[in-house]
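# Chain and residue survey
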Amino acid sequence: MGQKGSGIERFLAPSVSKIEEELGLLRDEIEKMNEKIDKTGSRLARLEEDHKRLMTKLDAPNGWLPTESQVLITSINEMEKQDRNEIDALKRFMDVAQRRIVILEAKMKELGQ
């Protein structure tokens with residue numbers, strides 16, 4: 001009976017190490033995605049501040065802008081919406097990846113027992 005246990009352990013050892021390797025890769029990917037989210041978030045913050053300054057200028061009595069400038073402002077607003085959508089998609093991906101990591105860790109613990 002002891003030999004069967006060691007045979008199973010030899011069979012499971014590569015699986016556990018492979019799962020650990022996959023978890024490490026997933027963590028690296030999550031870290032990269034977090035960095036990308038942070039960069040995009042800071043870009044959005046700068047964009048929002050620029051937008052506030054522009055709106056302040058537009059609200060001023062002599063703040064009329066030419067048509068080209070108004071088109072650029074509209075374009076900036078559209079880019080902001082796209083960035084926000086991208087951040088939301090990345091956050092959903094991160095949630096899924098983190099849930100998968102939790103499941104994999106639970107399976108590793110189960111295999112280790």
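Everything discussed here concerns the structure shown above.
Rules behind the numbers
Residues numbered from 1 in each chain as written. Predicted model: local features only at pLDDT ≥ 70, side-chain atom pairs only at ≥ 80, totals over all residues. Heavy atoms only, no water. Core = buried A, V, L, I, M, F, W, Y, C linked by side-chain atoms within 4.5 Å. Buried < 20%, exposed > 50% of the residue type's maximum accessible area, 1.4 Å probe, protein only. Helix = DSSP H or I, 4+ residues; strand = E, 2+ residues; numbered from the N terminus. Contact = heavy atoms within 4.5 Å. Salt bridge = Lys/Arg side-chain N within 4 Å of Asp/Glu carboxyl O.

## Description of the nonpolar core
Counting residues in hydrophobic clusters, the biggest one holds eleven residues: V16, I19, L23, I30, M33, I37, L90, M94, A97, I101 and M108. Taken together, the elements giving at least two residues each to this core come down to α1 (2-59) and α2 (67-112). The leading source of residues in this core is α1, at six residues. Apart from the residues within four sequence positions on either side, L23 is in contact with I101, L104, E105 and M108.

## With respect to the pattern of salt bridges
Applying the stated criterion across every chain yields a total of seven salt bridges. Its salt-bridge partner being E105, residue R27 comes within 2.2 Å of it at the nearest N-O pair. Of the two residues, R27 is situated in helix α1 and E105 in helix α2; the sequence distance between them amounts to 78 residues. Its relative accessible area of 42% is what places R27 among the partly exposed residues.

## Some points on the side chain of E80
You can see E80 is positioned in helix α2. For E80, a relative accessible area of 15% gives the class buried. Those residues in contact with E80, other than ones at most four positions away along the chain, are L44, L47 and E48.

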